Amino acid sequence: MPDTLVTTPSSAFLGKLRAIVGDKGMVEDAQARAFHQTDWRGLTMGQAAAVVKPATVEEVSAILALCSEHGVKIVPQGGLTGLVGASIPVRGGDEIVVSLARMNRILDVNATAYTMTVEAGVVLQTIQETATAHDRYFPISLGAQGSCMIGGNLSTNAGGATVLHYGNTRSMVLGLEVVLPDGRIWNGLRALKKDNTGYDLKNLFVGAEGTLGVITKAVLKIFPKPKDVATAWLAVPEPKAALEVLAGARIAADDNVTSCELVHELGLDGIIEHIPGTQRPLQGRHTWQVLMEWSSTRPIPEDGESGMRPRMETYLAECMEKGLVEDAVIAQNEAQARAFWHIRESHAEAGRHAGPAVSFDISVAVEKIPSFIEACNAAAVHAAPGVRPRPMGHMGDGNLHYNFSAPVDVKDRAQFAPTVKILDRVVHDMVAKFDGSISAEHGIGSAKLLELEHYRSQTELDVMRAIKKALDPQGIMNPGKVIRVDPAESAQEGSLMR
Ligand SMILES: Cc1cc2nc3c(=O)[nH]c(=O)nc-3n(C[C@H](O)[C@H](O)[C@H](O)COP(=O)(O)OP(=O)(O)OC[C@H]3O[C@@H](n4cnc5c(N)ncnc54)[C@H](O)[C@@H]3O)c2cc1C
């Protein structure tokens with residue numbers, strides 16, 4: 001929703017911007033500009049006064065100093081795969097988009113120290129591949145990894161499929177370089193595991209969604225490469241059984257369960273229908289399914305018994321005897337394991353092609369997942385008859401992508417909109433009742449800004465506003481995202497974004 005005070009920067013200002021980044025750093029082609037103004041789902045079209053692609057931290061610094069001097073607002077951008085409208089200029093044309101895409105160099109890989117130093121515009125998959133080339137592993141893994149950038153992953157504190165074992169992106173960071181809203185460069189690019197020198201500044205910028213500064217470089221942790229991996233697709237009678245299977249698996253696998261993802265049959269239907277080349281891993285229909293992976297950094301033992309796959313077989317056979325698993329298949333090779341993961345990672349893409357739907361990114365304590373699903377499904381279907389819940393996601397982290405398809409007779413998003421509003425309140429109220437979070441991994445952006453104000457305590461909001469004001473007193477960094485310092489600022493009605 002555009003602010004009434006939108007004033008586009010002058011041509012003199014734009015000239016100074018060009019002088020900083022050069023012609024190569026100005027994005028002027030209409031199609032390219034449209035890309036930088038549209039969210040991944042294609043639901044939010046923004047408008048920017050200019051789109052720039054700086055090539056160095058000095059250029060980022062000069063851009064921010066210039067914007068600060070003129071009170072011009074900035075939207076930092078990575079790969080534009082965020083799902084809460086945080087990287088889109090939503091104010092109506094007075095913002096400068098600063099894309100980090102040209103700052104895409106791997107600066108250092110230290111296999112002995114298990115660190116990698118990168119610029120913010122490196123694509124996540126490139127970081128994974130670089131680690132692999134050094135017989136190391138970078139565990140952050142998500143469906144958007146071919147396009148999202150590490151600066152975006154850090155700024156959203158992205159989670160993904162391996163948080164259960166390795167933690168989220170925050171856990172991967174040793175040091176950061178950040179340009180502050182006034183243009184000063186904070187060099188916190190230290191590779192220190194221990195550093196108790198006052199407040200931990202880097203953690204302020206992780207998950208800040210570009211509202212406190214621009215991340216330009218990072219020192220990341222890398223890990224030993226898993227050598228022995230077992231991947232299974234299971235059918236379980238109910239979510240409670242999935243939780244029990246996970247709890248036992250942690251012991252059976254010597255705490256090497258790296259992923260545990262819940263899949264709902266209706267979500268799987270959408271993937272098989274819309275994503276070419278996918279097929280059901282199991283025969284028949286099963287409402288609740290699980291993708292589970294165990295991985296060890298030990299090479300596959302030659303005894304044929306103590307490796308991950310035989311141990312998983314033994315464990316799943318025990319689970320079947322107990323009635324916790326109805327059917328299961330263990331990937332026989334890497335290609336089959338990839339096919340399982342392709343299904344899991346295609347949920348968001350399939351959602352783009354399916355009919356009207358809404359998705360919530362919530363978390364509750366892991367042990368509450370089954371009771372949450374039961375209570376939330378019942379409340380949602382009662383409040384919005386005909387909606388079809390299909391919760392799925394990172395069950396091992398207590399994080400569900402709680403999706404609802406519209407009733408079968410509802411054919412477009414506009415018709416579904418009033419129901420989405422009802423579901424917003426039902427789902428988020430239930431999350432509050434279960435002491436959970438209304439954003440587990442996607443962030444707040446513009447889509448959940450009002451929800452954050454609704455559900456977080458006054459004390460929490462006061463502290464967040466104080467931090468924002470201290471670092472960005474002019475309010476030029478990604479306005480209208482995460483937190484409003486002044487409640488009179490415009491805010492998007494969020495639910496349709498998701
Ligand atoms: C198919 C798909 C699957 C996904 N799966 C997951 C998942 O499993 N787990 C998960 O957590 N998320 C997931 N996401 C969403 C996730 O947030 C993003 O994919 C990713 O972390 C964002 O990176 P990006 O480079 O695209 O950032 P963008 O979308 O460009 O930006 C995201 C936010 O970060 C800010 N930002 C970007 N770069 C910088 C920077 N250098 N400095 C300061 N601020 C910056 C932007 O202003 C914005 O607020 C998925 C998205 C898609 C499309």
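Up top you'll find the structure we're talking about.
Everything numeric here is computed off the predicted structure, so don't read it as measured data.

Turning to the environment of Leu268, a few remarks are in order. Mapped onto the elements, Leu268 comes out in helix α9 (residues 265-274). Distance in space between the C-alpha atoms of Leu268 and Gly386 is 19 Å, their sequence separation being 118 residues. Once residues lying within four places of it in the same chain are set aside, the contact partners of Leu268 are Trp233, Val263, Arg280, Gln289 and Ile343.

This next bit is on the site of the ligand. Around the ligand, the surrounding shell holds 36 residues, and the nearest of these are Pro76, Gly78, Gly79, Thr81 and Gly159. For the ligand, an oxygen atom lies 2.8 Å from a polar atom in the backbone of Met149. In isolation the ligand offers 970 Å² of accessible surface; the protein chains occlude 97% of this area. Going through the elements one at a time, β3 (73-77), α5 (150-156) and β10 (214-221) are the ones with two or more residues in the shell around the ligand. The element that contributes the greatest number of residues to the shell around the ligand is α5, accounting for 5 residues. The residue makeup of the shell around the ligand, split by class, is 15 nonpolar, 19 polar and 2 charged.

What follows concerns the sheet that holds strand β9 (residues 185-188). Sheet strands pair by backbone hydrogen bonding; their relative direction is either parallel or antiparallel. Reading across the sheet, the 5 strands line up as β5-β6-β10-β8-β9 and stay open at both edges, with antiparallel pairing between neighbours. Since the sheet does not close on itself, it has two edges, and those belong to β5 (106-110) and β9, each with one partner. The mean angle between the axes of side-by-side strands here comes to 10°, regardless of whether they run parallel or antiparallel. In this sheet, strand β6 (residues 115-119) lies alongside β5 in antiparallel orientation, the contact comprising 4 bridges. Bridge pairing in β6 links Val109 to Met116. Set on the sheet, helix α4 (residues 124-133) makes contact with β5, β6 and β10; between it and β6 the angle comes to about 145°.

Glancing now at the packing of helix α13 (residues 369-383) against helix α14 (residues 413-433). Relative to each other, α13 and α14 sit at 155°, their axes nearing to 10 Å. When the axis of α13 is compared with that of α14, the two are roughly antiparallel. Between α13 and α14 lies a crossing whose hand is right-handed. Note on element contacts: α14 touches α13 through Ile422, Leu423, Val426, Val427, Met430 and Val431, opposite Phe372, Ala375, Cys376, Ala379, Ala380 and Ala383.

Because the α-helix completes a turn every 3.6 residues, residues three or four places apart line up on one side. A rise of 1.5 Å per residue sets the reference length of α14, with its 21 residues, at 30 Å; its end C-alpha atoms lie 28 Å apart and thus fit the reference within 8%. Among the residues of α14, those classed as buried are Phe416, Ala417, Thr419, Val420, Leu423, Asp424, Val426, Val427, His428, Met430 and Val431. Taken together, the buried residues of α14 touch β16 (357-363), α13, β18 (399-405) and α15 (449-455). Residue Asp435 follows α14 closely and has a positive phi angle near 55°.

If you walk across this open sheet you meet the 4 strands as β1-β2-β4-β3, and the pairing is mixed. Each edge of the open sheet is held by one strand with a lone partner, namely β1 (26-27) and β3. Lying over the sheet, helix α1 (residues 11-21) contacts β1, β2 (50-52) and β4 (95-99), oriented at roughly 10° with respect to β2.

Attention now goes to the packing of α1 against helix α3 (residues 57-70). Packing of α1 against α3 brings their axes to within 9 Å, and their N-to-C directions diverge by 165°. The angle between α1 and α3 places the two elements in the roughly antiparallel class. Here α1 and α3 pass one another in a crossing that is right-handed. Two secondary-structure elements touch here, α1 through Phe13, Lys16, Leu17, Ile20 and Val21 and α3 through Glu59, Ala62, Ile63, Leu66, Cys67 and His70. Partitioning the contact of α1 with α3 into residue classes produces 8 nonpolar, 1 polar and 2 charged.

Reading guide: rules and limits
Residues numbered from 1 in each chain as written. Predicted model: local features only at pLDDT ≥ 70, side-chain atom pairs only at ≥ 80, totals over all residues. Heavy atoms only, no water. Helix = DSSP H or I, 4+ residues; strand = E, 2+ residues; numbered from the N terminus. Contact = heavy atoms within 4.5 Å. Near = heavy atom within 4 Å. Polar contact = N/O pair within 3.5 Å; in protein donor to acceptor, adjacent residues only side chain to side chain. Areas by Shrake-Rupley, 256 points an atom, 1.4 Å probe, with all protein chains shown as cover. Nonpolar A, V, L, I, M, F, W, Y, C, P; charged D, E, K, R; others polar. Pairing = 2+ DSSP bridges. Axes fitted to C-alpha atoms, helices over the stretch in contact; angles between N-to-C directions. Parallel < 35°, antiparallel > 145°, perpendicular 65-115°, else oblique. Left-handed = near helix turned anticlockwise from the far one by under 90°. Expected span 1.5 Å × (residues − 1). Buried < 20%, exposed > 50% of the residue type's maximum accessible area, 1.4 Å probe, protein only.

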